[in-house]
Amino acid sequence: MLILDCPYCGTSADETELSPGGEAHIKRYGPGSSDTDFEGYLFGRENPKGVHFERWRHANGCGKWFHAARCTMTLEVFGTYAAQTFEPPQEIKDKISAKRPGWSWRDFS
Amino acid sequence: MSNSVSALNGENVKGFVQVSELGLQGMITLRANLSTPKVKKAIKDVTGVLVPKMRQILHDGDNSIGWMSPDELLILCPHSGAEAMVTALNDALGKTHALVINVSDARAMFAVKGADARDAMAKLAPTDFGMGFQPGEIRRSRLAQVAGAFWMVDQETFNVVCFRSVARYMFDVLAVSAEKGGEVGYF
Ligand SMILES: [Zn+2]
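Residues numbered from 1 in each chain as written. Chains lettered and ligands numbered in written order. Predicted model: local features only at pLDDT ≥ 70, side-chain atom pairs only at ≥ 80, totals over all residues. Heavy atoms only, no water.

### With respect to the overall build of chain A
Working step 1: Along its length, chain A carries 2 helices and 6 strands.
Working step 2: Overall, chain A shows an N-to-C arrangement of helices and strands of β-β-β-α-β-β-β-α.
Working step 3: A globule of 109 residues ought to have a C-alpha radius of gyration of about 13 Å, and chain A, at 15 Å, matches this closely.
Working step 4: Its C-alpha atoms put chain A at 40 × 35 × 25 Å along the principal axes.
Working step 5: Evaluated residue by residue, chain A yields a buried proportion of 39% over its 109 residues.
Working step 6: Counted over contacts in chain A with a minimum sequence separation of 6, partners at least 24 positions apart contribute 49%.
Working step 7: Here chain A has roughly 6200 Å² of accessible surface; of this, 49% comes from carbon and sulfur atoms.
Working step 8: Charged side chains in chain A number 13 positive and 15 negative. The centres of these two groups are separated by 2 Å. (Helix = DSSP H or I, 4+ residues; strand = E, 2+ residues; numbered from the N terminus. Rg over C-alpha atoms; globule rule 2.2 N^0.38 Å. Buried < 20%, exposed > 50% of the residue type's maximum accessible area, 1.4 Å probe, protein only. Contact = heavy atoms within 4.5 Å. Areas by Shrake-Rupley, 256 points an atom, 1.4 Å probe, with all protein chains shown as cover. Lys, Arg positive; Asp, Glu negative; His and termini not counted. Charge placed at Lys NZ, Arg CZ, Asp CG, Glu CD.)

What follows is the structure in structure tokens.
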């Protein structure tokens, strides 16, 4: 069972309290963008074995969206962080680096 | 004026703990930036209760305030006074960006009472009902298939609130959890 600590209400929420929101930190390409960028925005998703960044919503709880960094292979959770950010905070990156030296994900490492 | 009745008209059932629908209860949802002095003052002046901290529920006389999220509070008050309290809060908040709405008749409230109340609750919600959960804390979660919030009134009483539309389901699932023969004796 996946358990994530909600950064907004401080509870350890199991996955039955949460709604998945798909991949995190996706940049929107809207009207005026190139076909390639638009296609990437709509359909291009990472499918890593290992470190991954996702959006989750504490649906049966405080209702807030937040981010989570976890390992898709072991289900180990590296940490959760606020929704109001374009990239993982340094503290989260450091935690991942401590456990998965040399990791990278899209433009982050 | 119509005759207000609660969702299940005070229905109650006794298993190894007692499950009761608590009748008419005033409830107000308030959304605002809870850290601003003006919002804090307005809430305290009108309700007599301080703005609660994360997952806290505070009581003063007939009024209680539960922390629902970083920008949302649930104010509990007598049903007959809810409308007046909404007006008073709106007046006190003035032009501050905020939402105050009387949700009394959109909700239902229950009590789960008895020495093994923690056991009855633990069958339904993915929450740690061990001794770390004490009066003064409010938790939003789900009970079986529906969303609900609950807090402890004392060591053997939980109050549960949910949407009125799922009141029947909530009562029935609490009643099943509390059935005699279903004692767990864990907590
Ligand atoms: Zn939460």
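### Here we look at the interface of chain B and chain A
Interface size is commonly expressed as the accessible surface area that is lost when the partners come together.
Working step 1: Across the boundary between the two partners, chain B contributes 15 residues, which contact 12 residues of chain A.
Working step 2: Across the interface of chain B and chain A, roughly 1000 Å² is buried in total on both sides, 49% from carbon and sulfur atoms.
Working step 3: Notably, a salt bridge pairs Arg 139 of chain B with Glu 17 of chain A, separated by 3.2 Å at the nearest N-O pair.
Working step 4: Applying the counting rule to chain B against chain A returns 7 residue pairs in polar contact (both at pLDDT 80 or more).
Working step 5: Counting only elements with at least two residues in the side of chain B that touches chain A, the list comes to strand S5 (63-69) and strand S9 (138-143) of chain B.
Working step 6: Residue contributions to the side of chain B that touches chain A peak at 4 residues, all from S9 of chain B. (Buried area = accessible area lost by both parts, 1.4 Å probe. Salt bridge = Lys/Arg side-chain N within 4 Å of Asp/Glu carboxyl O. Polar contact = N/O pair within 3.5 Å; in protein donor to acceptor, adjacent residues only side chain to side chain.)

### What about the domain arrangement of chain B?
All names here are of chain B.
Working step 1: For chain B, the assigned domains read domain 1 (12-22 + 106-177) and domain 2 (26-105).
Working step 2: Computed over C-alpha atoms only, the centres of domain 1 and domain 2 are separated by 23 Å.
Working step 3: In this assembly, 11 residues from domain 1 lie in contact with 16 residues from domain 2.
Working step 4: Both faces combined, the contact of domain 1 with domain 2 buries some 1200 Å², and carbon together with sulfur accounts for 59% of it.
Working step 5: Looking only at domain 1, the three residues that lose the most surface to domain 2 are Arg 107, Ile 138 and Arg 140, adding up to 50% of its buried area.
Working step 6: Our count for the domain 1 to domain 2 interface comes out at 8 residue pairs in polar contact (both at pLDDT 80 or more).
Working step 7: A breakdown of the residues in the side of domain 1 that touches domain 2 according to their chemical character gives 6 nonpolar, 1 polar and 4 charged. (Domains from an automatic or database assignment. Nonpolar A, V, L, I, M, F, W, Y, C, P; charged D, E, K, R; others polar.)

### Looking at the layout of surface pockets
Working step 1: Roughly 480 Å³ of internal volume is contained in the largest pocket.
Working step 2: In terms of lining, the largest pocket is formed by 22 residues, of which the most central are Ala 24, His 25, Ile 26, Lys 27 and Arg 106 of chain A.
Working step 3: Those elements giving two or more residues to the lining of the largest pocket turn out to be helix H1 (35-43) and strand S5 (65-71) of chain A.
Working step 4: The biggest single contributor to the lining of the largest pocket is H1 of chain A, with 4 residues.
Working step 5: Grouping the amino acids of the lining of the largest pocket by side-chain chemistry returns 10 nonpolar, 6 polar and 6 charged.
Working step 6: Taken together, 17 residues form the lining of the second largest pocket, with Met 68, Arg 107, Arg 140, Ala 147 and Phe 163 of chain B sitting closest to its centre. (1 Å grid on protein atoms, 1.4 Å probe; cavity = no way out; pocket = protein on both sides within 12 Å on 5 of 7 lines; lining within 4 Å. Points joined across faces, edges and corners; volume = space filled by probe spheres on them.)

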